[in-house]
Amino acid sequence: TLNSSVNLSYNGDYKLLTLDQGATYAVNKWLRAGGGLKWNKLNNVSNAIGYYGSAQIKMKKVGEVQLSYDRGFLPGINGVLLPNDIGRAIYIKTF
């Protein structure tokens, strides 16, 4: 699966443009993995490249584990982009 997105956030203090390109691949029946890149431009001055990745592992009789990590950027004071790191681990079991 390929995905692309364009996001524009703006108010009186800033204009943030983010371009995102990613992909997810089913390696086999029990593993999916993916990732992508995000280009951020703040007020037509500051640029930063972010990235993300994920994995979904299905285990018979045990359940499913999903792992993800995202390195993004948020507008900060004085027109700079500040890093924003988010990680997540999820366990799912259907009864």
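Residue positions are counted from 1 within each chain, in the order its sequence is given. Per-residue local features are limited, in this predicted model, to residues with pLDDT of at least 70; the limit for side-chain atom pairs, both in listing and counting, is 80 or more; totals at the level of whole chains, interfaces and linings are taken over all residues. No hydrogens and no water enter the side-chain calculation; it runs on all heavy atoms of the structure.

Enquirer: Before we move on, can you summarise the nonpolar core with the specific residues and values?
Expert: Residue types Ala, Val, Leu, Ile, Met, Phe, Trp, Tyr and Cys, when buried and joined through side-chain atoms within 4.5 Å, form a set referred to as a nonpolar core. Any residue under 20% of the maximum accessible area for its type is buried, any over 50% is exposed, and the rest in between are partly exposed; the area is computed with a 1.4 Å probe on protein chains only. Listed in full, the five residues of the largest apolar core are Leu16, Leu42, Ala48, Phe73 and Leu81. Any two residues whose heavy atoms approach within 4.5 Å at even a single point are treated as in contact. For Phe73, the contacting residues outside a window of four places in its chain are Leu16, Asn40, Ala48, Ile49, Gly50, Leu81, Leu82, Pro83 and Asn84.

Enquirer: Report on the environment of Asn3, specifying residues and quantitative values.
Expert: Strands here are runs of E lasting at least two residues and helices are runs of H or I lasting at least four, both read from the DSSP assignment and numbered beginning at the N terminus. For Asn3, the location among the structural elements is in strand 1 (residues 2-10). Overall, Asn3 belongs to the partly exposed group, its relative accessible area being 32%. Sequence separation of Asn3 and Asp85 is 82 residues, and the distance between their C-alpha atoms is 21 Å. When residues no more than four places from it in sequence are discounted, the contact partners of Asn3 are Asp20, Gln21, Gly22, Ala23 and Tyr52.

Enquirer: Hey, could you go over the packing of aromatic side chains for me, with residue numbers and the actual values?
Expert: By convention, a stacked pair of Phe, Tyr or Trp rings (six-membered ring in the case of Trp) has centres within 6.5 Å and planes under 30 degrees apart, an edge-to-face pair has planes over 60 apart, and any other such pair is tilted. Enumeration according to the criterion identifies one aromatic pair in this entry. Positioned above the aromatic ring of Phe95 is the side chain of Lys93, whose terminal nitrogen or guanidinium carbon lies 5.9 Å from the ring centre. In this analysis the charged atom, NZ for Lys or CZ for Arg, is taken to sit over a ring once it is within 6 Å of the ring centre and within 35 degrees of the ring normal.

Enquirer: Tell me about the pairing of strand 6 (residues 81-92), and please be specific about residues and values.
Expert: Taken together, the twelve bridges between strand 5 (residues 63-75) and strand 6 define a ladder with antiparallel strand orientation. Looking at the pairing, Tyr69 lines up with Gly87 of strand 6. When DSSP finds two or more bridges between two strands, those strands count as paired. Counted along the chain from strand 5 to the antiparallel partner strand 6, the turn is five residues long, and its residue Asn78 has a positive phi close to 65°.

Enquirer: Describe the environment of Arg88, naming the residues involved and giving the relevant values.
Expert: Along the polypeptide, Arg88 turns up in strand 6. Residues Arg88 and Tyr69, 19 residues apart in the sequence, show an inter-C-alpha distance of 6.4 Å. In this structure Arg88 touches Gln66, Leu67 and Ser68, once residues within four positions along its chain are discounted.

Enquirer: Can you explain the side chain of Lys38? Please cite residues and give values.
Expert: Residue placement: Lys38 occurs in strand 3 (residues 31-42). The term polar contact refers here to a pair of N or O atoms within 3.5 Å; inside protein, the definition further demands a hydrogen-donor-capable atom paired with an acceptor-capable atom, and it admits residues adjacent in sequence only when both atoms are side-chain atoms. Side-chain polar atoms of Lys38 contact the side chain of Asp70, separated by 2.9 Å. Residues contacting Lys38, with those up to four places away along its chain left out, are Thr18, Leu19, Asp20, Ala48, Ile49, Gly50, Tyr52, Asp70, Arg71 and Gly72.

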